[in-house]
Amino acid sequence: MPMKHYRKELWFHVPSRMAFMNITAQVDECLSESGVREGLVLVNAMHITASVFINDDERGLHHDYEVWLEKLAPYEPTGQYRHNVGEKNADAHMKRQIMGREVVVAITSGRLDLGPWEQIFYGEFDGRRKKRVLVKIIGE
Ligand code: ZN
């Protein structure tokens, strides 16, 4: 059977500076469109101040992430970062580094082969503008 391949960009416009969005359903939709039954899906943020990661869809946890990330890389004072010349998003670059760029999920029998509580998230750290996530699917 020849290998199938599929590519789609998902666009997001988060109204706040930082937020987490569950994008599992959108990735699932891509998988349906691709027609791939066995293979791999790569989902990556196309911006250096946003992440794609897998974890639990639990509000308390997402709040805890925000507090933890703000401790590790506080937004303010913005003058503490050398990157912040002309822009003020050094903290967002660091938050992205911690939360990661991409995830790869196995596709088995036409479904995302996730663990019982695993969900795919878009992590925004410098929002209030349009940003993209790439979905690439390969398989048969
Ligand atoms: Zn920057």
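Refer to the structure above for everything that follows.
Keep in mind that this is a model prediction, so the values were computed, not measured.

Asks: For this particular structure, what's the right way to read the coordination of the zinc ion?
Replies: Six octahedrally arranged donors around a metal ideally form angles of 90 or 180 degrees; four tetrahedrally arranged donors ideally form angles of 109.5 degrees. Protein coordination at the zinc ion comes from His83 (NE2), Glu87 (OE), Asn89 (OD1) and His93 (NE2), with a distance range of 2.0 to 2.4 Å. Viewed at the metal, the four donor atoms of the zinc ion are separated by angles of 74 to 152 degrees, and the geometry they form is irregular.

Asks: Is there a simple way to think about unusual backbone geometry in this case?
Replies: For the bond running from Glu76 to Pro77, omega is -5 degrees, close enough to zero to count as cis. Inspection of the secondary structure puts Pro77 in the loop between helix H2 (59-72) and helix H3 (90-99). At Ser109, a position not held by glycine, the phi torsion is positive, near 50 degrees. Tracing the chain through its elements places Ser109 in the loop between strand E5 (102-108) and strand E6 (111-112). You can call Ser109 partly exposed: its relative accessible area is 42%. The phi dihedral of Arg128 falls on the positive side, at around 70 degrees, and the residue is not glycine. Overall, the relative accessible area of 56% leaves Arg128 in the exposed class.

Analysis parameters
- Residues numbered from 1 in each chain as written.
- Predicted model: local features only at pLDDT ≥ 70, side-chain atom pairs only at ≥ 80, totals over all residues.
- Heavy atoms only, no water.
- Donors = N, O, S within 2.8 Å, 3.2 Å for Na, K, Ca; no water.
- Tetrahedral: all angles 85-135°; square planar, octahedral: opposite > 155°, others 65-115°.
- Helix = DSSP H or I, 4+ residues; strand = E, 2+ residues; numbered from the N terminus.
- Buried < 20%, exposed > 50% of the residue type's maximum accessible area, 1.4 Å probe, protein only.

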